[in-house]
Every structure is written in structure tokens, then in C-alpha cells.
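Residue-level listing of the chains:
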Amino acid sequence: MKDALKIARKELLTYVREDRFWLMVFLPLVIMPLLINLPLLLMGHFLQQAQSRPQIVAIKGVSQEVQILLRQANFVVQSSPDPRKAVRERLAAVGLIYSEGRYTIFDQNSFLSLRLSAATEQTRQVLQRYKEQVLLERLQSRGLGLADLEPFTIETQKAASEREQSLGVLALIIPLMLVGLLISGGQSMALEATVGEKEKGTIEALLSAPVAPWKLLLGKGLAVLVATVFPATTSFIGVVLGSMFVRMGFSGQIQALPDDLEVQLGTLALEPADLAAIFLTSVLLAFFVVAAMLALGIFARTYREANIYFGPLDMLVMSPVLIFFVFDFIKVQDWFFVLPGLGVVVAMDAIVKGTSSPWQLGLTWVSTLAYGLLILYLAFRNFSREDVVFRN
């Protein structure tokens, strides 16, 4: 075991001394949180600015009552022969036309955008208040009120658990991010530890040393396992800390967001036991992936050949992630947790949402460990065969 640890230490030192190691530290801790939170923060910033400064609304045929309400809503009202053209040329934030009993609002956002601009939403609210005001006057003239038109209210709520709703977009990001990084995180080191040794001609010196092949495989496997788990762990920490920092430091921008987008930012609501379950699941998936990479890496003759093998491997292992997006349309069965790759994705999703059971997690852990041991045996066979190690 001491020889295996020495080999692992040598591989890790080589890995740490490379410049890209610090990039792998910086990328998860800073870039990942920025990619997740920055778009929503920028949207909140622009919405906050839009709410604080007057917006120009180009009108045509609009009554004086509506114009007064628009000014009260901090709009600058400007008459225009063509409000649509004014909005398209960025001369106004929103356009409004009244003709034949219909108000038409022209939105500034691109036709590809699924969300209306803040000025458009504010204009809709003004028109809604005016509509209710006119309706109330007509009802009062007949001795009625608005309550007579609405005998009951309708409320729609998400059936998702409170934890899932509080996590917001993190409930989607955490499983996908961890699985993706665990698959790709240690590839470069696995290649360097196997086919890289072949190309540099150092594999012969290693095998001629008084070290058993299984110790050599164990040492390299431990090093690659650490290199695989490390970026996933730092990314998880970066996303969690980034979410907390955004909540504490940018409350104004968050409050300016629409309610549905504000919920998407999410907050960490995982118990220590859930974090431990996620970590164990990640380590087992990393073990499975590392065993496959070592088996293929030692079999390949060159980096190019190894990349040819790793490409389909990435696609094969990442394919279960695609099923993640249809979970809302299917009922997850217990046997899903046994499938290679898919079982880990399903288990992580269940852990994050708080719907997992010990039986289901046990199925994933035992099956992933079994798959990893099976592939590790194949890697050991490759390391023990001279016709494989020395093929060139």
C-alpha cells in the first residue's frame, strides 16, 4: 500500500505543478457562480434602473385619464404619429395605441424574447387599474361592486416540496454540474498517467521497478480519483457560496426581479446528511469513471487514439443526463437507480429534492460500486498484459 501511495503522490505533485491546476481552482470557485448568477443579476440591475428613472411611452389616441395614470407611474408621455416605429427606433421604451375600443402595447424586446420588458409590464398594470376603475364606476351606477363579478378566487401552487422550491435553479444545476465535472474533471490526468507514460517512454521504467501491477494501478487510480473529485467539490462550494453572496450583497437587484425569476436564484436548503449522500454518490461515480478511463488509457497507443476512445465514452456516460429533462413526464421507478450512469443522475436529483429513500440510494451505491469494480478488473488485466502495455 505504501508503494501505491508513493505513486499517487508523484502523480498528484506533477498535476499540481502544472499551470492549469490553478485554472481548475479558479474556474469552479469564480466562473461557475458568475455564469449562474450574473445573467439574473444584470436583469435585476436593468429592471431596477428602469423602475427608478422615467420611461418614455409613445401614445396615439389615448384618453386623458390614461395619460394621467401613466404620468403617476413615472412615465414620460409623448404623442407620436407611429408609436410602433418610435419603439422600434428606440425613441420610446413602450408604445400605446387606442383604437376602436382596444389598447395595443408595443414591446421593446426582441421577438425571440419570451419575457416582456419592464416598461411594458408597467404599462399593462396601468391599463389594468384603469380598466378596473371604469368597470367599478359602471357597476356602482347599477348598485354593484367588483366582488359581484368574482364569486371566488383561483390559486395555483407548485406541488414541489418546499426544499425544491427554495433551491430554485440550484435543484437543476447541482446534479448536472456534478455529473458533468466528474466525467470530465480527471480526463487529462488519466491520459497523462497512462498513454502519456507510453509516449514519453517512462512506462517501461515503472513496470521494471519492483512494484506489482496492481499497486501501480492503485496509485495512479487514487491520483486520478482525487483529480476528478476535486473540481466537482470546488464547483459545488463555489456555487453555494456564490448563491449566499448574491443573496446578501445584491438584495436590491433581486427584489427588482419578477417573482418567478427571483425564486430561480434559490438558496441552499440541504441537510448535512444530504451533503454526505451527494458526496458519497459523487465519489462512487468518480470511481466508476476513473476505472473506465484507466482501462481505455492504458489500452490506447497514442493521445489521439485515447481521445477517440474517450469521445464515445463521454457521450455514453453523459446520455443519462438528457433524461434528466424529462423527469417531469415520467414516474421514476426503483430499477432506474440501478442503471449505469442514469442511477447516479436519478439519485442526485432525489437527494437534492428530498424525495430519496435509503433503499433507492443503496441500489445506486451498490450498483455503481459493482460496475466500477468490474471495469477496474478490466483495467488491471490491461496493466498486467505486456501486449497491451507495450503496444505501439
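What comes next concerns the included structure. Counting of residues starts from 1 at the beginning of each chain's written sequence and follows it residue by residue. Under the rules for a predicted model, residues below a pLDDT of 70 receive no local features and side-chain atom pairs below 80 are neither given nor counted, while totals for whole chains, interfaces and linings still include all residues. Only hydrogens and water are set aside; all other atoms, that is, all heavy atoms of the structure, feed into the side-chain values.

Regarding the overall build of the protein
Working step 1: Across its full length, the protein holds 18 helices and four strands.
Working step 2: Accessibility here uses a 1.4 Å probe with only protein chains present; expressed as a share of the type maximum, an area under 20% marks a residue as buried, one over 50% as exposed, and anything in between as partly exposed. When each of the 392 residues of the protein is scored for burial, the buried share is 42%.
Working step 3: We call two residues in contact when some of their heavy atoms are within 4.5 Å. Sequence-distant contacts, at least 24 apart, represent 71% of the contacts inside the protein between residues at least 6 apart. Strands are runs of DSSP state E lasting at least two residues, helices are runs of H or I lasting at least four, and both sets are numbered from the N terminus onward.

Regarding the packing of aromatic side chains
Working step 1: Each pair of aromatic rings taken from Phe, Tyr and Trp, with Trp reduced to its six-membered ring, is defined by centres within 6.5 Å and is described as stacked if the planes are under 30 degrees apart, edge-to-face if over 60, and tilted in the remaining cases. Summed over all chains, the structure comprises three aromatic pairs.
Working step 2: A centroid spacing of 4.5 Å and a plane angle of 45 degrees characterise the contact between Tyr 98 and Tyr 103, whose relative ring orientation is tilted.
Working step 3: By relative accessible area, which is 35% here, Tyr 98 ends up partly exposed.

Concerning the side chain of Ser 80
Working step 1: Counting through the fold element by element, Ser 80 comes out in the loop between strand 2 (75-79) and helix 4 (83-88).
Working step 2: Pairs of N or O atoms within 3.5 Å make up the polar contacts considered here, provided that, within protein, one atom can donate a hydrogen while the other can accept it, and that residues adjacent in sequence are counted only when both atoms are side-chain atoms. Only 3.3 Å separates the side chain of Ser 80 from the backbone nitrogen of Asp 82, close enough to count as a polar contact.
Working step 3: Those residues in contact with Ser 80, other than ones at most four positions away along the chain, are Ala 58, Ile 59, Lys 60 and Ala 86.

Section: the environment of Leu 182
Working step 1: One can find Leu 182 in helix 7 (residues 170-184).
Working step 2: Look at Leu 182 and you get buried, because its relative accessible area is 0%.
Working step 3: Ignoring sequence-local partners within four residues, the contact set of Leu 182 consists of Thr 228, Val 229, Ala 232, Ser 282, Leu 285, Ala 286, Val 289 and Met 348.

Considerations on the sheet that holds strand 1 (residues 55-60)
Working step 1: Strand order across the open sheet formed by four strands is 2-1-3-4, with mixed pairing between neighbours. If you trace the sheet from one side to the other, it starts and ends with strand 2 and strand 4 (102-106), each paired once. Between one strand axis and the next, the sheet turns through 25 degrees on average, direction left out of account.
Working step 2: The criterion for strand pairing is that DSSP finds at least two bridges linking the strands in question. With five bridges joining them, strand 3 (residues 94-99) and strand 4 adopt antiparallel strand pairing. Each bridged residue has a counterpart across the sheet, and for Gly 95 the counterpart in strand 4 is Phe 106. To obtain an axis, a line is fitted to C-alpha atoms, over the contacting stretch when the element is a helix, and the angle between two such axes runs from 0 to 180 degrees between their N-to-C directions.

Focus: the packing of helix 14 (residues 272-299) against helix 17 (residues 358-384)
Working step 1: Two elements in contact, helix 14 and helix 17, have axes whose closest approach is 8 Å; the angle formed by their N-to-C orientations is 20 degrees. If you check the angle between helix 14 and helix 17, you find them roughly parallel. Between helix 14 and helix 17 lies a crossing whose hand is left-handed.
Working step 2: Its residues placed into classes, the contact of helix 14 with helix 17 shows 22 nonpolar, four polar and no charged. Any angle that is under 35 degrees is reported as roughly parallel, and any over 145 degrees as roughly antiparallel; angles of 65 to 115 degrees are reported as roughly perpendicular and all others as oblique. Note on convention: near helix rotated counterclockwise from far helix by under a right angle means a left-handed crossing. Clockwise means right-handed. When residues are grouped by polarity, Ala, Val, Leu, Ile, Met, Phe, Trp, Tyr, Cys and Pro land in nonpolar, Asp, Glu, Lys and Arg in charged, and all others, Gly among them, in polar.

Structural notes on the nonpolar core
Working step 1: Membership of the largest hydrophobic core comes to 54 residues, with the highest contact counts inside it found for Leu 178, Val 224, Leu 285 and Met 293.
Working step 2: Counting only elements with at least two residues in this core, the list comes to helix 7, helix 8 (187-193), helix 11 (213-249), helix 14, helix 15 (303-323), helix 16 (342-353) and helix 17.
Working step 3: For this core, the leading source of residues is helix 14, giving 13 residues. Remark: nonpolar core denotes a set of buried residues (Ala, Val, Leu, Ile, Met, Phe, Trp, Tyr, Cys) joined through side-chain atoms within 4.5 Å.

As for the environment of Phe 287
Working step 1: Within the fold, Phe 287 resides in helix 14.
Working step 2: As a C-alpha pair, Phe 287 and Gly 372 span 85 residues in sequence and 6.1 Å in three-dimensional space.
Working step 3: Discounting chain neighbours no more than four positions away, the residues touching Phe 287 are Leu 225, Leu 369, Gly 372, Leu 373 and Leu 376.

Details of unusual backbone geometry
Working step 1: A positive phi angle, close to 65 degrees, is found at Arg 90, a residue other than glycine.
Working step 2: Among the structural elements, Arg 90 can be located in the loop between helix 4 and strand 3.
Working step 3: Assessed through its relative accessible area of 56%, Arg 90 is described here as exposed.
Working step 4: Positive phi, close to 55 degrees, is recorded for Glu 100, a residue that is not glycine.
Working step 5: Tracing the chain through its elements places Glu 100 in the loop between strand 3 and strand 4.
Working step 6: Owing to a relative accessible area of 82%, Glu 100 belongs among the exposed residues under this scheme.

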